[in-house]
Amino acid sequence: MSEKNEDMIVTPWKVSGEVDYDRLIEQFGTQPITENLLERIRKHTGEIHLQLRRRIFFSHRDLDWILDMYEAGKKFVLYTGRGPSGPVHIGHLVPWFFTKHLQDKFDAKLYFQMTDDEKFLMHPEFTLGKVIDLTYDNALDVIAVGFDPEKTFIISDVNHIKALYKLAIRVAKHVTFSTVRAVFGFEESSNIGMIFFPAIQAVPCFIESMLTGENVPCLIPAAIDQDPYWRMTRDVAPKLGYYKPAQIHCKFMPGLGRGGKMSASMPETCIFTTDPPEVAERKVWNAFTGGKPTLKEQRLEGGEPSICTVFQYFSFFFEEDDKALKELEVRCRSGDIICGECKEKLAERIKRFLSEHQKRREKAKDVINDFFIDDKV
C-alpha cells in the first residue's frame, strides 16, 4: 500500500489525503456503477448525465433495486442535504445539480436536510443563531439550483424537529452506543447530542413513507463521505418496516490548490457561490496546474491534465461537451495549449456561472419560506 493511501481519511467530518475511490468501494462495501446500470438509466432519462458519463458519480448501494422498483411502477423519493457550517462553494453544488436532474427525469419529490443541529454540536464556537442563519443562507443556494418548488422540501433540523422527532426516536431505539461508536468513532468525551444525531439524519429516508402510510423507496445522491450514516440507517430500516435507502455516491470536487477536496477552510483555493466574479477569477489564475515550469518545456513536453485542477473543473461541470473536453486533454498533453489559456477560459465560465447563480440566489429570497417543510406533518 502506498504512503498516500495510508494517509487517506474519509469520514463524515473529515476528508484528507489523496482519495483512492477504488479503495473506498472496497473499504465501504459499495458497488461500482456499471455500463449496464447506465443503460438502464438512459432508458428512463433519454441521456446519460455528465456526472455519470465521467464517473463523478461512481458508486452505489441498491441503485439496481431502485430501478427495478421504478420499472415495476413504484416511484421513489430523493434525499440529500447540507451541513451549514459556512457559505456554499461550487463543490457542494456537484451532487445538487445531479439531484435536480434526477428530480426532473423521474418526477421525484426531494427532501433536503439542513443538519444545523449537527454543526451546532460539532463546533464549540457556533451559537444556535449562527447555524440557523447559515441554514437560511445556504437554502438560497439550494433554491437557486432550480429544484421544483412543488416537490422540494427543505428541512432545518433545529426549526423542524417536530416533523422529525417521532421517527428519530424510533430509529434511535434500534441503535446501540456500541454501534455508533464503531461506525462513527465516538468516544467517552463525545457530547450526547452527537451520539443521538445519526438517528435524526436517518429520518428523511422514511418521512415520505410516514406521511403517506405507504412504503416508499428512497434514493440518496451524496458524496461518499456520508456513507456511514446510511450504513447504519440501512440496518435499522427493516426493523421499522421500511425499505433500505438506496445510494449513489459522488467524488469530491478538488480545490484549486495542490491536492485535496475543495474546502472552505482553505478559502483561496475554494470558489464560493457568493464570491464576486473578479475574486473567483483571481483564484483561478492562482490555481495549481499540470503544466511545466517554463513555456518552452510546456510546448515541448506538454502538460499533465490528470493532476491539473483547472482541467478537473472543466471535467466536473464547466465543459459539457465530451468531445471538447477530450480535445482539451489532447492539446494539453501535446503542448498545443498552455496553462494561461486554460485559466482564462475557465475564469470566464466561472464568472458567467456565478453571475447567473447569484441572480437566482437573490430571487430565492422572495420564495424561501415556500420551500421549508411544514413542521406540523
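Treat the numbers as computed from the prediction; the structure is a model and nothing was measured.

Grouped together as the largest cluster of nonpolar side chains are 80 residues, with contacts concentrated most on Leu52, Ile90, Ile154, Leu219, Tyr313, Phe318 and Ile350. Leaving out residues up to four positions away in the same chain, Ile350 has contacts with Ile271, Ala280, Val284, Tyr313 and Phe318. Of all hydrophobic cores here, the second largest spans 33 residues; its members include Phe186, Ile200, Cys205 and Cys218.

The next thing to look at is the environment of Phe177. Looking at the secondary structure, you find Phe177 in helix H10 (residues 177–184). A C-alpha to C-alpha distance of 46 Å links Phe177 and Lys359, two positions 182 residues apart in sequence. Discounting residues that sit within four places of it in the chain, Phe177 has contacts with Phe186 and Ile195.

For Arg55, which is not glycine, the phi dihedral falls at a positive 60°. Along the chain, Arg55 falls in the loop between helix H4 (50–53) and strand S4 (57–61). For Arg55, a relative accessible area of 25% corresponds to the partly exposed category.

A contiguous nonpolar patch, built from Ile161, Tyr165 and Ile169 and spanning about 250 Å² of accessible area, is present on the exposed surface. Of note, Ile169 is situated in helix H9 (residues 161–172).

Another point: the packing of aromatic side chains. For the structure on display, the rule yields 22 aromatic pairs. A ring pair is formed by Tyr70 and Phe106, whose centres lie 4.9 Å apart and whose planes are at 80°; its orientation type is edge-to-face. With Tyr70 in helix H5 (residues 63–71) and Phe106 in helix H6 (residues 90–106), the pair connects residues that are 36 residues apart, well separated along the chain. Counting every residue linked through ring pairs, the aromatic cluster contains Tyr79, Phe184, Phe186, Phe197, Tyr229 and Trp230. A cation over a ring is seen here: Lys130 above Phe126, with NZ or CZ 5.2 Å from the ring centre. Seen from the ring of Phe28, Arg231 lies directly overhead, with NZ or CZ sitting 5.0 Å from the centre.

Moving on, we get to the packing of helix H16 (residues 309–318) against helix H17 (residues 322–334). In contact at an axis separation of 10 Å, H16 and H17 are set at 165° when each is read in the N-to-C sense. Here H17 runs roughly antiparallel to H16, going by the angle between their axes. Seen along the crossing, H16 lies across H17 with a hand that is left-handed. Facing H16, whose interface residues are Phe311, Phe314 and Ser315, H17 presents Leu325, Leu328 and Glu329.

Along the chain, Gln51 turns up in helix H4. Each residue touching Gln51, except ones within four places of it in the same chain, is listed here: Ile56, Phe57, Val94, Phe97, Phe98 and Phe316.

The rules behind these values
Residues numbered from 1 in each chain as written. Predicted model: local features only at pLDDT ≥ 70, side-chain atom pairs only at ≥ 80, totals over all residues. Heavy atoms only, no water. Core = buried A, V, L, I, M, F, W, Y, C linked by side-chain atoms within 4.5 Å. Buried < 20%, exposed > 50% of the residue type's maximum accessible area, 1.4 Å probe, protein only. Contact = heavy atoms within 4.5 Å. Helix = DSSP H or I, 4+ residues; strand = E, 2+ residues; numbered from the N terminus. Patch = residues over 30% accessible without salt bridge, like charges linked within 9 Å, V, L, I, M, F, W, Y side chains within 5 Å. Areas by Shrake-Rupley, 256 points an atom, 1.4 Å probe, with all protein chains shown as cover. Salt bridge = Lys/Arg side-chain N within 4 Å of Asp/Glu carboxyl O. Phe/Tyr/Trp six-rings, centres within 6.5 Å; stacked < 30°, edge-to-face > 60°. Lys NZ or Arg CZ within 6 Å of the ring centre and 35° of its normal. Axes fitted to C-alpha atoms, helices over the stretch in contact; angles between N-to-C directions. Parallel < 35°, antiparallel > 145°, perpendicular 65-115°, else oblique. Left-handed = near helix turned anticlockwise from the far one by under 90°.

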